Amino acid sequence: MKPRLVYVNGRFVPYPSASVHVEDRGFQFGDSVYEVWAVMDGGLIDAAAHLRRLERSLGELRMTPPFTPAALDRVLREAVRRNRVREGLVYLQITRGAGPRDPLFPPHDRSATVVVIARGVDRAAVDARAEAGISVSSQPDQRWGRCDIKTTGLLANVLSKQAARAVGAAEAWLVDGEGRVTEGASSTAWILDPAGRLRTRALDAAILPGVTRARVMEIARREGLEVVEAAFTPEEALGAREAFNTSASGFVTPVVRVDGRPLGDGRPGPVALRLRALYLDHVRNTRPQIGVCAQEPGS
Ligand code: PDD
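### Considering the packing of helix α6 (residues 211–222) against helix α8 (residues 270–286)
So, point 1. Axis separation between α6 and α8 bottoms out at 10 Å; the angle between their running directions is 105°. Between α6 and α8, the angle is such that the two are roughly perpendicular. Along its contact with α6, which presents T212, R215, V216, I219 and A220, the element α8 presents L275, L278, Y279 and H282.
So, point 2. Here the residues of the contact of α6 with α8 are counted per class, giving six nonpolar, two polar and one charged.

Below is the structure:
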């Protein structure tokens, strides 16, 4: 769904005319970071955790945060409000700014470009996808060595997702040099192994520390499930009881086929569906308290 107003460097401008400079470093070098929040019932999900990850991404790239977390939180909520988003996503991008093309950092660090786009999504379609389950296709992980930083350098993700689409899969599972899945092109990959343990790769520079991953891990442990942080191969996934992906945009999405072969009976597994329901309960129950600053009365 099309946003109406987009935040660009301090102003909300109409979507069709929203633009950044041709020599923006995000455009030329991918010298920029981003975040994506889910919006449910008009509220930001796990706002504080995403803001913490953003601060970390900025720090790793030695970019000075252009705002305090509280000020940024206000801009995000204002973007949601001005676009009247009830169910959707908020995308934030911060680049090192514009200037004559030079790989070296600009001499002073005061010209970040900040863009916030809030848009509605068809949540019924997302739910239908989860109820049917998705296919994944394994693709070589050709990304750089710091995938723990949420940068917009996403070319390898784009190409692998497109390659997955070409074989009829909705997501790519990226596979490292040892044959193990790192993560999805835009999600965290999980299996429920034959012993009934949840498995997802341990955090390292090869994967993004997913906010949904952390939340689902907490929920799963609370439910008495054993969670093991250990990578798995696509072959192990095919021998698993269940598999699923997690992300801010898809929540918990069951995986029912890997490389064209059905996983189990080829239907979403009960544990994945239960984790999805519990995650949605968490979202609904905690939403009013979420955020690093209180919502102003009447806003
Ligand atoms: N994607 N791994 C990658 C490579 C991702 O791009 C994402 C998120 C995740 C899951 O992270 P989280 O649970 O914090 O959303 C894992 C976002 C949604 C995107 O690029 O649209």
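### Looking at the nonpolar core
So, point 1. Core analysis: the largest hydrophobic core is formed by 25 residues, its most contacted members being V90 and L92.
So, point 2. Elements represented by at least two residues in this core include exactly β3 (32–40), α2 (47–60), α3 (69–82), β5 (88–95) and β6 (113–120).
So, point 3. Take this core: its biggest share by element is five residues, from α3.
So, point 4. Setting aside residues up to four positions removed in sequence, L92 forms contacts with V33, Y34, E35, W37, L54, L72, L76, V114, V115 and V116.
So, point 5. If you look at the next biggest cluster of nonpolar residues, it comprises 23 residues, including Y34, L192, Y279 and L280.

### Details of the pairing of strand β9 (residues 181–184)
So, point 1. Across two bridges, strand β8 (residues 171–175) lies against β9 in antiparallel orientation. Each bridged residue has a counterpart across the sheet, and for W173 the counterpart in β9 is G184.
So, point 2. Following β8, the chain reverses through five residues before pairing antiparallel with β9; G179 in that reversal takes a positive phi of roughly 85°.

### Quick look at empty space enclosed by the protein
So, point 1. All told, the structure shown has two cavities of 30 Å³ or more when counted by the stated rule.
So, point 2. In this structure, the largest cavity encloses a volume near 40 Å³.
So, point 3. The wall of the largest cavity is formed by L51, L54, E55, L58, P65, F67, T68, P69 and L72.
So, point 4. Breaking the lining of the largest cavity down by element, the ones donating at least two residues are α2 and α3.
So, point 5. Considering each element in turn, the lining of the largest cavity owes the most residues, four residues, to α2.
So, point 6. Partitioning the lining of the largest cavity into residue classes produces seven nonpolar, one polar and one charged.
So, point 7. In this structure, the second largest cavity occupies an estimated 30 Å³ of space.

### Side note on α8
So, point 1. The end-to-end C-alpha distance of α8 is 24 Å, a good match for the 24 Å that 17 residues give at a rise of 1.5 Å each.
So, point 2. What α8 keeps buried is the set A272, L275, R276, L278, Y279, L280, H282 and V283.
So, point 3. Where α8 is buried, its residues touch β3, α4 (123–132), β11 (198–200), α6, β13 (242–247) and β14 (251–258).

### Some thoughts on the site of the ligand
So, point 1. Taken together, 21 residues lie near the ligand, and R53, E183, V211, T212 and A248 sit nearest.
So, point 2. Between the ligand and T212 there is a distance of 2.6 Å, counted from an oxygen atom to a side-chain nitrogen or oxygen.
So, point 3. With respect to the ligand, the backbone of A248 contributes an N or O atom lying 2.8 Å from an oxygen atom.
So, point 4. Contact with the protein chains removes 90% of the 470 Å² of surface that the ligand exposes when unbound.
So, point 5. For the ligand, the cavity whose grid points lie within 2 Å of the majority of its atoms is the largest pocket.
So, point 6. Those elements that provide at least two residues to the shell around the ligand are β3, α2, β9, α6 and β13.
So, point 7. When its residues are assigned to classes, the shell around the ligand shows six nonpolar, eleven polar and four charged.
So, point 8. Shared between two domains, the shell around the ligand takes at least three residues from each, and those domains are domain 1 (5–121) and domain 2 (126–284).

The rules behind the values
Residues numbered from 1 in each chain as written. Predicted model: local features only at pLDDT ≥ 70, side-chain atom pairs only at ≥ 80, totals over all residues. Heavy atoms only, no water. Axes fitted to C-alpha atoms, helices over the stretch in contact; angles between N-to-C directions. Helix = DSSP H or I, 4+ residues; strand = E, 2+ residues; numbered from the N terminus. Parallel < 35°, antiparallel > 145°, perpendicular 65-115°, else oblique. Contact = heavy atoms within 4.5 Å. Nonpolar A, V, L, I, M, F, W, Y, C, P; charged D, E, K, R; others polar. Core = buried A, V, L, I, M, F, W, Y, C linked by side-chain atoms within 4.5 Å. Buried < 20%, exposed > 50% of the residue type's maximum accessible area, 1.4 Å probe, protein only. Pairing = 2+ DSSP bridges. 1 Å grid on protein atoms, 1.4 Å probe; cavity = no way out; pocket = protein on both sides within 12 Å on 5 of 7 lines; lining within 4 Å. Points joined across faces, edges and corners; volume = space filled by probe spheres on them. Expected span 1.5 Å × (residues − 1). Near = heavy atom within 4 Å. Polar contact = N/O pair within 3.5 Å; in protein donor to acceptor, adjacent residues only side chain to side chain. Areas by Shrake-Rupley, 256 points an atom, 1.4 Å probe, with all protein chains shown as cover. Sits in = over half its atoms within 2 Å of the grid points. Domains from an automatic or database assignment.

Functional significance is not addressed by these values, which are geometric in nature.
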